[in-house]
Amino acid sequence: MNKHLTEGQLRAALDGELDGANMRHLESCSACRARQDLIRAESQQAARGLSFLASPAPRTAPAAKTALNRFHQRNPTQKEISMFRKIFASPLLRAGLAIVLALAVMLSFPQGRALADQILNLFRVQQVVVVPVDFTGMQQLTGNSTIGKQVSDLISDSVTMQQKPGDPVTATDAAQASQLAGFTVRVPPAMTPSRISVENGAAFTIKVDVAKAQALLNEAGRPDLVLPTSIDGSDVSVTIPASATVAFGTCPDPAAQDNPADLGTTAGRKYPDCIILAEIPTPTVSAPAGLDIAQLAQLGLEFSGMTSDQAAAFTQTVDWTSTLVIPLPKNAATYQQVMVDGVNGTLIQRPADDAPQYALLWVKNGIIYAISSLGTNSQQALDIANSLP
Amino acid sequence: MDEFLPHERAIPAMKARKAEPVEPRIVPIEASLSARSFEDLFLENWGPVYRLLVRMLGDPAEAEDLALETFFRFYRRPPQAGDGYNPGGWLYRVATNLGLHSIRSFKRRERYELAAGKAALESPPEDQPAAIFENEEDHRLARLALARLNPRRAELLVMRYSGMAYKDIAAALGLSPTSIGPLLLRAEREFAKVYRALEQEEA
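Just so you know, these numbers come straight off a predicted model, no measurement behind them.

Parameters at a glance
- Residues numbered from 1 in each chain as written.
- Chains lettered and ligands numbered in written order.
- Predicted model: local features only at pLDDT ≥ 70, side-chain atom pairs only at ≥ 80, totals over all residues.
- Helix = DSSP H or I, 4+ residues; strand = E, 2+ residues; numbered from the N terminus.
- Buried ≥ 20, exposed ≤ 12 C-beta atoms within 10 Å, placed from the backbone.
- Contact = placed C-beta atoms within 7 Å.
- Pairing = 2+ DSSP bridges.
- Axes fitted to C-alpha atoms, helices over the stretch in contact; angles between N-to-C directions.
- Core = buried A, V, L, I, M, F, W, Y, C linked by C-beta atoms within 7 Å.
- Parallel < 35°, antiparallel > 145°, perpendicular 65-115°, else oblique.
- Left-handed = near helix turned anticlockwise from the far one by under 90°.
- Nonpolar A, V, L, I, M, F, W, Y, C, P; charged D, E, K, R; others polar.
- Expected span 1.5 Å × (residues − 1).
- pLDDT = per-residue confidence, 0-100.

Chemist: Describe the overall build of chain B, with residues and values.
Modeler: Scanning chain B for helices and strands turns up eight helices and zero strands. Of the regular secondary structure in chain B, the N- to C-terminal order runs α-α-α-α-α-α-α-α. In chain B, which comprises 203 residues, the proportion classed as buried is 48%. By sequence separation, contacts in chain B at least 24 residues apart represent 73% of the contacts at least 6 residues apart.

Chemist: Any details on the overall build of chain A? Residues and values, ideally.
Modeler: Secondary structure assignment for chain A yields 13 helices and 15 strands. Classification of the 389 residues of chain A by burial places 40% in the buried group. Within chain A, contacts between residues at least 6 apart in sequence are counted, and of these 71% link residues at least 24 apart.

Chemist: Give a description of the sheet that holds strand S12 (residues 334-340) of chain A that names residues and reports values.
Modeler: Residues and elements named next belong to chain A. Strand order in this open sheet of eight strands is S4-S5-S8-S9-S15-S14-S13-S12, and the pairing throughout is antiparallel. Looking at the sheet topology across the chains shown, the edges are occupied by strand S4 (169-171) and S12. Neighbouring strand axes in the sheet, compared pairwise and without regard to direction, differ in orientation by 20° on average. As paired elements, strand S9 (residues 275-281) and strand S15 (residues 367-374) share seven bridges and run antiparallel to each other. Residue pairing in the sheet places Glu279 in a bridge with Tyr369 of S15. With respect to the sheet, helix H8 (residues 174-181) is in contact with S4, strand S5 (195-199) and strand S8 (243-248), its orientation differing from that of S5 by roughly 5°. Contacts between helix H13 (residues 378-386) and the sheet are confined to S9, S12, strand S13 (343-350), strand S14 (357-364) and S15, with S14 contributing the most and set at about 25° to the helix.

Chemist: If you had to explain the nonpolar core to someone new, which residues and values would you point to?
Modeler: Inside soluble globular proteins, nonpolar side chains tend to come together where they are buried. Val49, Leu53, Ala67, Ala95 and Leu157 of chain B are the most contacted members of the largest nonpolar core, which totals 60 residues. The leading source of residues in this core is helix H1 (residues 38-57) of chain B, at ten residues. Other than its neighbours up to four places away in sequence, Leu157 of chain B contacts Ala46 and Leu50 of chain A together with Leu146, Ala187 and Phe191 of chain B. Membership of the second largest hydrophobic core comes to 37 residues, among which are Val246, Ala247, Ala381 and Ala385 of chain A.

Chemist: Run through the packing of H1 of chain B against helix H3 (residues 87-104) of chain B, naming residues and quoting values.
Modeler: Residue and element names in this part refer to chain B. Contact geometry for H1 and H3: axes closest at 10 Å, N-to-C directions at 25°. Accordingly, the angle class assigned to the pair H1 and H3 is roughly parallel. In the crossing of H1 with H3, the sense of the turn from one axis to the other is right-handed. For the pair formed by H1 and H3, the contact residues are Leu41, Asn45, Val49, Leu52, Leu53, Met56 and Leu57 on the first element and Pro87, Gly88, Leu91, Tyr92, Ala95, Thr96, Gly99, Ser102 and Ile103 on the second. Tallied by class, residues from the contact of H1 with H3 come to eleven nonpolar, five polar and no charged.

Chemist: Any details on unusual backbone geometry? Residues and values, ideally.
Modeler: Residue and element names in this part refer to chain A. With phi around 55°, Asp341 is a residue other than glycine that occupies positive phi space. Judged by the 19 C-beta atoms lying within 10 Å of it, Asp341 is partly exposed. Positive phi, close to 50°, is recorded for Asn365, a residue that is not glycine. Assignment of secondary structure puts Asn365 in the loop between S14 and S15.

Chemist: Explain the pairing of strand S6 (residues 202-207) of chain A to me, and be specific about the residues and the numbers.
Modeler: All names here are of chain A. Across four bridges, the pairing between strand S3 (residues 159-163) and S6 is antiparallel. Within the sheet, the bridge partner assigned to Met161 lies in S6 and is Phe204. Note that S6 and strand S7 (residues 235-240) share six bridges and pair antiparallel. In the strand pairing of S7, Ala203 is matched with Thr239.

Chemist: Describe H3 of chain B, naming the residues involved and giving the relevant values.
Modeler: With 18 residues, H3 of chain B should cover 26 Å at 1.5 Å per step; its first-to-last C-alpha distance of 26 Å lies within 8% of that length. Of all 18 residues making up H3 of chain B, 18 are buried, and the element is well covered by its neighbours.

Chemist: Kindly report on the environment of Arg143 of chain B, identifying the contributing residues and their values.
Modeler: On the secondary structure map, Arg143 of chain B appears in helix H5 (residues 129-148). Expressed as a C-alpha distance, the spacing of Arg143 of chain B and Ile103 of chain B, which sit 40 residues apart in the sequence, is 6.7 Å.

Chemist: Let's hear about the environment of Ala177 of chain A: which residues, and what values?
Modeler: Residues and elements named next belong to chain A. For Ala177, the location among the structural elements is in helix H8. Residues Ala177 and Thr245, 68 residues apart in the sequence, show an inter-C-alpha distance of 9.2 Å. In this view, Ala177 contacts Ala171, Val185, Ile196, Val198 and Ala244; residues no more than four positions away in its chain are not counted.

Chemist: Lay out the confidence of the model for chain B in plain terms, naming residues and giving numbers.
Modeler: Residue and element names in this part refer to chain B. Averaged over all residues, the pLDDT of chain B equals 72, while 66% of them reach at least 70. By mean pLDDT, helix H4 (residues 106-122) is the weakest element of chain B at 52, and helix H6 (residues 151-161) is the strongest at 93. The model gives residues 1-36 a pLDDT under 50, and that stretch makes 103 contacts with residues more than four places away or in other chains. Across residues 124-129 the pLDDT falls below 50, and counting only partners more than four positions away or on other chains, this stretch makes three contacts in the model. Here the predicted complex scores 0.46 on pTM and 0.72 on ipTM.

Chemist: Lay out H6 of chain B in plain terms, naming residues and giving numbers.
Modeler: Residues and elements named next belong to chain B. With eight of its eleven residues buried, H6 lies for the most part within the structure. When we look at burial in H6, the residues that qualify are Ala154, Glu155, Leu156, Leu157, Val158, Met159, Arg160 and Tyr161. Positive backbone phi, at 110°, marks Gly163, one or two positions downstream of H6.

Chemist: So what's going on with the environment of Ala142 of chain B? Which residues, and what values?
Modeler: Among the secondary structure elements, Ala142 of chain B is positioned in helix H5. Between the C-alpha atoms of Ala142 of chain B and Ala192 of chain B, which are 50 residues apart in sequence, the distance is 9.3 Å.

Chemist: Please set out the confidence of the model for chain A residue by residue, giving values where relevant.
Modeler: Residue and element names in this part refer to chain A. Looking at chain A as a whole, the pLDDT averages 71, with 62% of positions reaching at least 70. Scored below 50 in pLDDT, residues 76-123 makes 131 contacts in the model with residues more than four places away or belonging to other chains. Overall, residues 257-267 carries pLDDT values under 50, and its contacts beyond four positions in sequence, including any with other chains, amount to 31 contacts.

Put into structure tokens, the structure is as follows:
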């Protein structure tokens with residue numbers, strides 16, 4: 001072999017990671033060895049700095065079995081919180097609100113709104129309603145790999161993305177954010193945001209596959225919940241507009257959320273002073289006029305823990321054309337109606353000793369607002385909301 | 001805002017910090033989770049994942065929390081079995097990114113540095129206080145440099161310098177093993193550049 005080695009190959013050789021033929025070339029080529037000496041000198045600078053990564057670990061490392069016990073002790077809370085996280089995730093829009101909206105979409109179609117057109121725009125959020133749900137049954141499904149795969153298959157087979165949300169773009173001020181987002185982004189005048197970011201909207205279509213969805217229910221131990229075959233093949237189109245996130249204090253980088261390691265991070269302890277104000281115009285949903293979403297909503301509520309009677313009663317109390325329904329885990333959160341920004345809002349609080357959190361949600365002039373933070377000082381959120389221009 | 005682990009525990013004293021075998025390599029797991037229990041996976045990988053994090057952060061309590069968080073994530077959303085299924089690599093990568101994410105948080109970094117300094121004083125590797133502080137200062141700068149680095153490059157450096165073989169890094173990052181050499185060299189150059197800049201900033 002006469003061809004000289006690349007810098008990358010020379011670097012790999014320093015770690016003994018070069019294949020035999022190239023190693024033989026290196027041994028016989030003084031020019032390559034000279035270049036490798038230079039690379040070695042460069043690498044050694046990094047090696048010195050990073051030597052702590054290979055240092056002996058402390059002997060106080062918890063034993064694996066002890067750690068496993070701790071894992072099991074903490075895990076029930078984690079599973080409960082994974083549901084709650086959908087409400088309080090930060091940044092709310094990127095990690096949580098979209099999920100909440102997706103849930104709401106599935107629960108929020110009008111039953112009897114059959115108009116002449118086959119495709120209708122039905123869903124406009126005008127208010128927020130919280131429904132306490134016992135997620136115990138769903139929690140038991142966590143970690144069920146068969147169901148996990150079925151859900152994954154169902155989503156990948158049923159959902160077609162027409163527009164994927166891009167990475168958040170940082171805006172210099174509210175005016176630029178408004179220009180980017182296409183609606184007036186409101187920022188409290190007395191506070192200086194640490195970041196304002198705007199994320200593009202998203203659009204996707206869900207094609208209902210009754211057989212797969214029913215198989216999922218069966219696998220989940222709920223064959224008693226029977227999906228109507230009439231919905232098979234129905235297309236539901238969802239358009240989620242561009243959204244804005246206004247951060248105060250030290251908050252996580254929204255762009256880092258795509259990283260698998262950054263999703264649901266230990267942000268709570270890292271960002272104790274972080275407050276997120278999220279703003280998003282109401283999403284738009286189109287569906288065949290005959291699709292009986294209220295029936296599906298009832299099934300969904302039953303699946304998530306309500307009895308059939310409870311689900312039916314709740315379904316009848318909600319105006320599905322205008323209500324964002326947020327399922328909250330029972331015993332994990334409290335909620336109350338509050339006046340905010342001149343309208344009725346919902347204050348949700350998680351009164352945990354170790355990591356109390358709150359979220360304030362309201363809808364005004366077609367825009368959904370959410371302020372979320374750690375701690376118990378929810379008055380702060382009310383003050384921010386009431387100071388919006 | 002999705003931190004639900006308990007608040008800090010007292011940082012355990014790190015005494016008798018004698019040399020012990022470095023155990024950077026993850027346990028290769030070929031079989032799918034259906035054939036192996038989650039607990040087996042936990043028990044086999046806990047040590048390497050924890051030790052990686054404690055070296056990265058210098059804070060045993062935080063390392064334990066993040067190691068548990070790594071396994072929580074696996075438990076909640078395990079990687080799908082199939083070609084290239086590599087749960088050990090997945091765990092190591094998630095742990096690496098959790099560690100880097102923590103380092104990037106300024107407030108957390110301050111705490112790590114305090115903890116690391118305290119640990120060093122409680123278990124001096126040698127009887128030279130000046131050398132201890134010098135080492136900790138080097139580590140502090142190195143962590144700062146990692147925090148400022150391109151995340152992918154920081155991830156690669158942590159994996160390599162914690163002892164992972166190229167093929168394991170490649171499997172964890174979804175890269176070709178032959179691409180590790182050139183990527184590593186680029187990452188080292190960027191690291192050295194950032195490190196020097198930090199030294200000058202603080203001079």
